[in-house]
Number of protein chains: 2
Amino acid sequence: MRILITGGGGFIGQKLARALDKQGQLRGKAITEIVLADLHAPTLEGASLPVSGMALDIRDAAAVSAAFAEAYDVVFHLAAVVSGQAEADFDLGLQVNLFGTLNLFQAIRHAGNAPVVVYASSVAAHGGEEPEVIVDGVELNPQTSYGAQKVMGELLLNDMSRRGWMDGRGLRLPTVSIRPGKANAAASSFMSSIFRDTMQGEVSNCPSSKDYPIFHTAPRTVVANFIHAAEIDGAAFGPNRNINLPGRTDTVAEMIAAMTLVAGPEPAGRITWNADPVIQKIIAGWRGHLKADKALRLGFQQDQSFADSVRWFLEDDIVKDR
Amino acid sequence: MRILITGGGGFIGQKLARALDKQGQLRGKAITEIVLADLHAPTLEGASLPVSGMALDIRDAAAVSAAFAEAYDVVFHLAAVVSGQAEADFDLGLQVNLFGTLNLFQAIRHAGNAPVVVYASSVAAHGGEEPEVIVDGVELNPQTSYGAQKVMGELLLNDMSRRGWMDGRGLRLPTVSIRPGKANAAASSFMSSIFRDTMQGEVSNCPSSKDYPIFHTAPRTVVANFIHAAEIDGAAFGPNRNINLPGRTDTVAEMIAAMTLVAGPEPAGRITWNADPVIQKIIAGWRGHLKADKALRLGFQQDQSFADSVRWFLEDDIVKDR
Ligand SMILES: NC(=O)c1ccc[n+]([C@@H]2O[C@H](COP(=O)([O-])OP(=O)(O)OC[C@H]3O[C@@H](n4cnc5c(N)ncnc54)[C@H](O)[C@@H]3O)[C@@H](O)[C@H]2O)c1
Ligand SMILES: NC(=O)c1ccc[n+]([C@@H]2O[C@H](COP(=O)([O-])OP(=O)(O)OC[C@H]3O[C@@H](n4cnc5c(N)ncnc54)[C@H](O)[C@@H]3O)[C@@H](O)[C@H]2O)c1
């Protein structure tokens, strides 16, 4: 069982690699190697299994093709330019999110072994002329270039799966919170930083209103769902390989209350409230309410409370004694 | 008013050019030039307005960009590799239908005048995990590479319109019947040839069953709808610039009966009935029933009977005294 994770140096890529390294097997087979590909070759501190880092720009079709000299059994495709950046630079988003994805999928196709491919799409696929509460089967109408590019990747994944060139599974991820580390260029960055930074004694700005509803999921849940997506039978998805992942909806105020419950009142006092029209415009196009019935039927996990997410953040990302 | 029609040498491109030439104006302005771009420079017999032919392969980004040295007010994007061919040659379909469309849209973006762009998508966007009767707002789940590529073009059109780089309108065309001329590589080719060829004394094979429901529209209707799409206010589309076009549903048997009504019993006797599993597999993924409420609200035309389509074919394509 050889596994490739693109974007393996990123937030979710690292956590996924750690979880796979810990469980040691996937799809009933012992994992022999995990390859983490990213712009700079990533490492995985304290890994038990053979984990190798590969410097790979997915925009480079020849390099991506060469990376498949030895076939993979499972590919997790996480490399991407995130929402804020893809909105600021349309061509960069297109190069990485569309062409990079196509380069990867063509390399997989030509490798010829039809591996399992788990693709990170996003609930940013939704917006615009869609109902206020998203259910399965509504027409996708993304209102960001990032969302549009993610859906184009979904279409490629579904078409190549239909053709038998890969066994694809596309997951539309809710906003993953609490994200550790530094703020990034995602418009959703504040949905982590107002918790992460304030719990670590820093001031953090909230650019949205308090009653903005956030559809979110915890890193632990999303990693479990990535692994679940690789484990189940591809045929269970039917002719549509792309699904909405479960998550939960809380307003900014409700999430702050959950943080206060777990971490006391000080962090909330460190949040500033300067509205940011650019971010508000992007997130206004997203949807805060989503029912992921198909995913639940397929056995994907759903978050039970944001207080759990706060606890897991403190355990996994602050204490760091894994 | 300068107009560009890509695929201007094709079936619909030629009929659209003729209709525009005849009406002389568009969006309240006199048409000063119609440019027909195609693989080989097309002509338009007996045109009244200045019509120029341009040899342009939309796969060639530099050539497409050069074609926009002088800006267009309205662009009709019809150039495409059709369903059967895109299914037989995935890479060709991708090059023309996805990259060609992207080349064109980037050239339009960089021209900087945000022209009206009318894009020929297809009801092949629908299929798979969709209801038996398609209504507006259902998640697109194309079951051909052609359909997937057309939807990717829709996403680009919508995103670039949202950004203000073009004023796009995407139309999902029903099968256009009766198509004159020779059979083409579209899987839907028989949906014209069993009428066209038999009315002209030839034998023609029907690869589907008699009760296969076809969602179709006449060339006259589709040309009127292309022009209507260019005339109306882009804002009327709302945040989703891509719509299902109206058409009508008849089974193969009902369409044959309509032909018999108009043209007598002989043509139907010239149809042979050899089932073709390849074609049946492709068309089984399509939908025969579709309600296009949004398009009707926007004033698009709906076909009233297939007998009309038979009459118009005899008038427009056989008699040829336009
Ligand atoms: N975190 C979220 O809230 C969230 C929500 C929805 C979807 N997603 C998606 O999940 C995936 C992982 O997200 P994340 O939060 O870990 O993001 P991240 O930014 O931490 O990781 C993405 C990684 O991709 C890499 N990358 C960017 N361009 C690349 C290129 N050209 N070639 C190779 N690698 C490149 C980056 O270096 C980065 O390490 C992404 O596809 C993202 O769009 C994330
Ligand atoms: N006719 C139908 O039933 C139907 C149904 C749904 C959608 N459509 C769409 O409507 C449009 C017009 O259809 P049509 O029936 O007139 O098709 P057609 O095949 O008659 O015309 C398409 C034209 O595109 C040209 N073309 C192909 N590759 C090209 C390239 N690389 N560069 C430049 N030109 C290229 C072809 O030479 C051809 O003249 C197409 O986009 C088609 O997919 C048609």
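Because the structure is predicted, anything quoted here is derived from the model rather than measured. (Residues numbered from 1 in each chain as written. Chains lettered and ligands numbered in written order. Predicted model: local features only at pLDDT ≥ 70, side-chain atom pairs only at ≥ 80, totals over all residues. Heavy atoms only, no water.)

## Digging into empty space enclosed by the protein
Part 1 of the argument: Counted according to the given criterion, the structure contains five cavities of 30 Å³ or more.
Part 2 of the argument: Forming the boundary of the largest cavity are 22 residues, of which L140, V151 and L155 of chain A together with L140 and V151 of chain B lie nearest the centre.
Part 3 of the argument: Going through the elements one at a time, helix 5 (145-162) of chain A together with helix 5 (145-162) of chain B are the ones with two or more residues in the lining of the largest cavity.
Part 4 of the argument: When grouped by side-chain class, the residues that make up the lining of the largest cavity number eight nonpolar, eight polar and six charged.
Part 5 of the argument: Its volume calculated, the second largest cavity comes out at about 60 Å³.
Part 6 of the argument: Every residue along the wall of the second largest cavity is listed here: V123, T175, M191, Y212, P213, I214, F215, W286, R287 and G288 of chain A. (1 Å grid on protein atoms, 1.4 Å probe; cavity = no way out; pocket = protein on both sides within 12 Å on 5 of 7 lines; lining within 4 Å. Points joined across faces, edges and corners; volume = space filled by probe spheres on them. Helix = DSSP H or I, 4+ residues; strand = E, 2+ residues; numbered from the N terminus. Nonpolar A, V, L, I, M, F, W, Y, C, P; charged D, E, K, R; others polar.)

## Some remarks on the sheet that holds strand 4 (residues 33-38) of chain B
Two orientations exist for strands paired in a sheet by backbone hydrogen bonds: parallel and antiparallel.
Residue and element names in this part refer to chain B.
Part 1 of the argument: Here we have seven strands laid out as an open sheet, ordered 5-4-1-6-7-9-13, and parallel in their pairing. Since the sheet does not close on itself, it has two edges, and those belong to strand 5 (51-55) and strand 13 (242-244), each with one partner. Between one strand axis and the next, the sheet turns through 20 degrees on average, direction left out of account.
Part 2 of the argument: Pairing geometry for strand 1 (residues 2-6) and strand 4, over five bridges, is parallel. Of the residues in strand 4, the one forming a bridge with L4 is V35.
Part 3 of the argument: Against the sheet, helix 7 (residues 219-231) touches strand 6 (74-77), strand 7 (116-122) and strand 9 (167-173), its axis set at about 160 degrees to strand 9. (Pairing = 2+ DSSP bridges. Axes fitted to C-alpha atoms, helices over the stretch in contact; angles between N-to-C directions. Contact = heavy atoms within 4.5 Å.)

## Observations regarding the site of ligand 2
Residue and element names in this part refer to chain B.
Part 1 of the argument: The full set close to ligand 2 counts 25 residues, and D38, Y146, K150, V176 and R179 are the nearest of them.
Part 2 of the argument: Here F11 contributes a backbone N or O atom positioned 2.9 Å from an oxygen atom of ligand 2.
Part 3 of the argument: Within the contact set of ligand 2, an oxygen atom lies 2.6 Å away from a side-chain nitrogen or oxygen of R179.
Part 4 of the argument: Taken by itself ligand 2 offers 820 Å² of open surface, and the protein chains cover 88% of this.
Part 5 of the argument: Of all the secondary-structure elements, those providing two or more residues to the shell around ligand 2 are helix 1 (11-23), strand 7, helix 5 and strand 10 (175-176). (Near = heavy atom within 4 Å. Polar contact = N/O pair within 3.5 Å; in protein donor to acceptor, adjacent residues only side chain to side chain. Areas by Shrake-Rupley, 256 points an atom, 1.4 Å probe, with all protein chains shown as cover.)

## A short note on the relation of the copies chain A and chain B
One copy of the chain maps onto the second through a rotation about an axis and a displacement along it.
Part 1 of the argument: Superposing chain A onto chain B takes a rotation of 180 degrees combined with a translation of 0.0 Å along the rotation axis, leaving an RMSD of 0.0 Å. The transformation relating the two chain copies, once decomposed into turn and shift, fits a two-fold axis. Distance from the rotation axis, computed per C-alpha, reaches its smallest value in chain A at E139 of chain A: 1.8 Å.
Part 2 of the argument: By residue overlap, the copies meet face to face through one surface: 100% of the interface positions of chain A are interface positions in chain B. (Least-squares fit on C-alpha atoms with pLDDT ≥ 70 in both.)

## Digging into the interface of chain A and chain B
Part 1 of the argument: Each side of the interface is counted separately: chain A has 39 residues, and chain B has 39 residues.
Part 2 of the argument: Buried area between chain A and chain B, both sides added, is near 3200 Å², and the carbon and sulfur share of it is 51%.
Part 3 of the argument: Seen at the junction of chain A and chain B, the total is ten salt bridges.
Part 4 of the argument: The partner of E129 of chain A in a salt bridge is K294 of chain B, and the shortest N-O contact between them spans 2.9 Å.
Part 5 of the argument: Here chain A and chain B share 29 residue pairs in polar contact (both at pLDDT 80 or more) between them.
Part 6 of the argument: Secondary-structure elements contributing two or more residues to the side of chain A that touches chain B are helix 3 (83-88), helix 4 (90-111) and helix 5 of chain A.
Part 7 of the argument: Take the side of chain A that touches chain B: its biggest share by element is ten residues, from helix 5 of chain A.
Part 8 of the argument: When the residues that make up the side of chain A that touches chain B are grouped by side-chain class, the tally is 18 nonpolar, eleven polar and ten charged. (Buried area = accessible area lost by both parts, 1.4 Å probe. Salt bridge = Lys/Arg side-chain N within 4 Å of Asp/Glu carboxyl O.)

## Thoughts on the packing of aromatic side chains
Part 1 of the argument: Scanning the model with the defined rule gives eleven aromatic pairs over all chains in all.
Part 2 of the argument: Ring geometry for F76 of chain A and F226 of chain A: centres 6.3 Å apart, planes at 75 degrees, overall edge-to-face. Of this pair, F76 of chain A sits in strand 6 (residues 74-77) while F226 of chain A sits in helix 7 (residues 219-231), and the two are 150 residues apart along the sequence. Both residues of the pair, F76 of chain A and F226 of chain A, belong to the buried class.
Part 3 of the argument: Ring geometry for F105 of chain B against Y119 of chain B: centres 6.1 Å apart, planes inclined by 75 degrees, an arrangement best described as edge-to-face. (Phe/Tyr/Trp six-rings, centres within 6.5 Å; stacked < 30°, edge-to-face > 60°. Buried < 20%, exposed > 50% of the residue type's maximum accessible area, 1.4 Å probe, protein only.)

## Overview of the pattern of salt bridges
Part 1 of the argument: Considering all chains together, one arrives at 38 salt bridges over all chains under this definition.
Part 2 of the argument: E87 of chain B is paired through a salt bridge with R162 of chain A; the nearest N and O atoms lie 2.9 Å apart. Taken as a pair, E87 of chain B in helix 3 (residues 83-88) and R162 of chain A in helix 5 lie in two separate chains rather than in one.
Part 3 of the argument: By relative accessible area, which is 17% here, E87 of chain B ends up buried.
Part 4 of the argument: You can call R162 of chain A partly exposed: its relative accessible area is 29%.
Part 5 of the argument: One salt bridge in this structure joins R311 of chain B and D308 of chain B, with 3.0 Å as the shortest N-O distance. Of this pair, R311 of chain B and D308 of chain B both sit in helix 12 (residues 306-319), three residues apart, which is roughly one turn of the helix.
Part 6 of the argument: On the basis of relative accessible area, R311 of chain B is assigned to the partly exposed category, the value being 37%.

## Examining the site of ligand 1
Residue and element names in this part refer to chain A.
Part 1 of the argument: Taken together, 25 residues are adjacent to ligand 1, and D38, Y146, K150, V176 and R179 come closest.
Part 2 of the argument: Side-chain polar atom of R179 to an oxygen atom of ligand 1: 2.6 Å apart, as the coordinates give it.
Part 3 of the argument: Protein coverage of the free-state accessible area of ligand 1, which is 820 Å², stands at 88%.
Part 4 of the argument: If you list the elements that add at least two residues to the shell around ligand 1, you get helix 1 (11-23), strand 7 (116-122), helix 5 and strand 10 (175-176).

## Digging into the sheet that holds strand 1 (residues 2-6) of chain A
Residue and element names in this part refer to chain A.
Part 1 of the argument: Strand order in this open sheet of seven strands is 5-4-1-6-7-9-13, and the pairing throughout is parallel. Of all strands in the sheet, those with a lone pairing partner are strand 5 (51-55) and strand 13 (242-244), marking the two edges. Ignoring strand direction, the axes of neighbouring strands in this sheet form an average angle of 20 degrees.
Part 2 of the argument: Sheet topology places strand 6 next to strand 7; four bridges connect them, and they run parallel. By the bridge assignment, V74 is partnered in strand 7 with V116.
Part 3 of the argument: Where helix 4 meets the sheet, its contacts fall on strand 1, strand 6 and strand 7, and the angle it forms with strand 6 comes to roughly 175 degrees.

Taken by themselves, the reported measurements are silent on function.
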